[in-house]
Amino acid sequence: MSQPILCTQNLSKAYSRHVVLRDINLEVYPGSLVGIVGENGSGKSTLLRILAGEARPNHGRIIRQGTFGYCPQVVILNEALTVKQHLDYFRAAYRLDNIERAEELLEELGYKQCRQSLVANLSGGTRQKLNLTLALMHKPQLLLLDEPYQGFDWETYLRFWELTQNLKAQGCAVLIISHMFFEQKRFDELYQLQDGLIKKIDVPLEEKPAQSKEVKKP
């Protein structure tokens, strides 16, 4: 088995006397889709912020390999800039030669017609598409997502899962946190976060994804 691209060892986080995370041990492998489910206030977003380096744990260790992309739940974009301008700024930040991958994602997520639109004029779902594009345009090996499909219509929701399968096939690991998963069979590993503790949810073998049978939309 390959080495995990993300590993946590006894990760703990508390705010004053309020313990949010207790001894979290988690391994994420290349090409896998991992879900963490929990109620609001269970510490999901805190965990993801720690994994992304935005917050520090009180105890424990995080080991990340390779590059990663991060989509927080709250989309942070500049409303005075266009979609294209965001792509150009992030190209410079990532030190990319071009925005070819970003252009592919505009097509895959179905909003290429918005390239010259101001963010201020975009719907919540389209802003989320841009958020996802910015996290993926440098071709990360690990993608961290916090409630990624909020505001998506049904077609975009299906496009999202198709994109996720393509990322897996390319060896990218995807970690999604959410308060609810409707389609557990899509995941390779599922965990529940409750009372600061994480535990694995068994997914029946017959429900686990079979990539060889995945049918891509034309």
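This text goes with the structure placed above it.
Caption draft 1: Fine view of the pattern of salt bridges. For the coordinates displayed, the defined rule picks out 10 salt bridges. Between Arg-127 and Glu-79 there is a salt bridge; the shortest N-O distance is 3.0 Å. Placement of Arg-127 in helix H4 (residues 124-136) and of Glu-79 in the loop between strand E5 (68-71) and helix H2 (83-94) is noted, with a sequence separation of 48 residues between them. Note on Glu-79: relative accessible area 41%, which makes it partly exposed. Measuring nitrogen to oxygen at the nearest pair gives 3.1 Å for the salt bridge that ties Glu-104 to Arg-101. With Glu-104 and Arg-101 both in helix H3 (residues 100-108) and 3 residues apart, the pair spans about one turn of that helix.

Caption draft 2: Representation of the sheet that holds strand E9 (residues 197-201) in the model. Spatial ordering of the open sheet is given by E5-E6-E7-E3-E8-E9, a layout of 6 strands whose pairing is mixed. Where the open sheet ends on each side, the last strands, each with one partner, are E5 and E9. In this sheet, adjacent strand axes meet at a mean angle of 20° when their direction is disregarded. Examined bridge by bridge, strand E3 (residues 33-37) and strand E8 (residues 189-194) share 4 bridges and lie parallel to one another. The residue bridging Ile-36 from the neighbouring strand is Tyr-191, located in E8. Those strands touched by H4 are E5 and strand E6 (142-146), and its axis lies near 165° from that of E5. Set on the sheet, helix H5 (residues 154-169) makes contact with E3, E6 and strand E7 (173-178); between it and E7 the angle comes to about 145°.

Caption draft 3: Broad picture of the packing of aromatic side chains. Per the counting criterion, the structure on display carries 9 aromatic pairs. Consider the rings of Tyr-157 and Trp-161, whose centres lie 6.1 Å apart with planes at 85°: the pair is edge-to-face. One end of the pair is Tyr-157 and the other is Trp-161, both in helix H5 and 4 residues apart, which spans about a single turn. Accessibility assignment for this pair places Tyr-157 and Trp-161 in one class, buried. Pairing Trp-161 with Phe-187 gives two aromatic rings, centres 5.7 Å apart and planes at 85°, and the pair type is edge-to-face. Of this pair, Trp-161 sits in helix H5 while Phe-187 sits in the loop between E7 and E8, and the two are 26 residues apart along the sequence. Residue Phe-187 is classed as buried on the basis of its relative accessible area, which comes to 1%. Chaining the aromatic ring pairs together yields one cluster made of Tyr-149, Phe-152, Trp-154, Tyr-157, Phe-160, Trp-161 and Phe-187.

Caption draft 4: Main features of the nonpolar core. With 37 residues, the main nonpolar core has Leu-87, Leu-132, Leu-143 and Ile-176 as its most contacted residues. Contributions of two or more residues to this core are made by E3, H2, H3, H4, E6, H5 and E7. If we ignore the near neighbours within four places in the chain, the residues touching Leu-143 are Gly-69, Tyr-70, Leu-132, Ala-135, Leu-136, Leu-167, Cys-172, Ala-173, Val-174 and Leu-175. Leu-11, Leu-47, Ile-50 and Tyr-191 belong to the second largest nonpolar core, which has 25 residues in total.

Caption draft 5: Here's a closer look at H3. Among all positions in H3, only Arg-101, Ala-102, Leu-105 and Leu-106 are buried. Buried residues in H3, looked at end-on, bunch into an arc of 150°, giving them a common side. Lining the buried residues of H3 we find H2, H4 and H5. Gly-110 occupies a position one or two residues after H3 and carries a positive phi of about 75°.

Caption draft 6: Region of the structure containing the environment of Glu-103. Mapped onto the fold, Glu-103 is located in helix H3. Since its relative accessible area comes to 27%, Glu-103 is described here as partly exposed. Placed 60 residues apart in sequence, Glu-103 and Gly-43 show a C-alpha to C-alpha distance of 34 Å.

Cut-off values and rules
- Residues numbered from 1 in each chain as written.
- Predicted model: local features only at pLDDT ≥ 70, side-chain atom pairs only at ≥ 80, totals over all residues.
- Heavy atoms only, no water.
- Salt bridge = Lys/Arg side-chain N within 4 Å of Asp/Glu carboxyl O.
- Helix = DSSP H or I, 4+ residues; strand = E, 2+ residues; numbered from the N terminus.
- Buried < 20%, exposed > 50% of the residue type's maximum accessible area, 1.4 Å probe, protein only.
- Pairing = 2+ DSSP bridges.
- Axes fitted to C-alpha atoms, helices over the stretch in contact; angles between N-to-C directions.
- Contact = heavy atoms within 4.5 Å.
- Phe/Tyr/Trp six-rings, centres within 6.5 Å; stacked < 30°, edge-to-face > 60°.
- Core = buried A, V, L, I, M, F, W, Y, C linked by side-chain atoms within 4.5 Å.
- Arc of directions from axis to C-beta.

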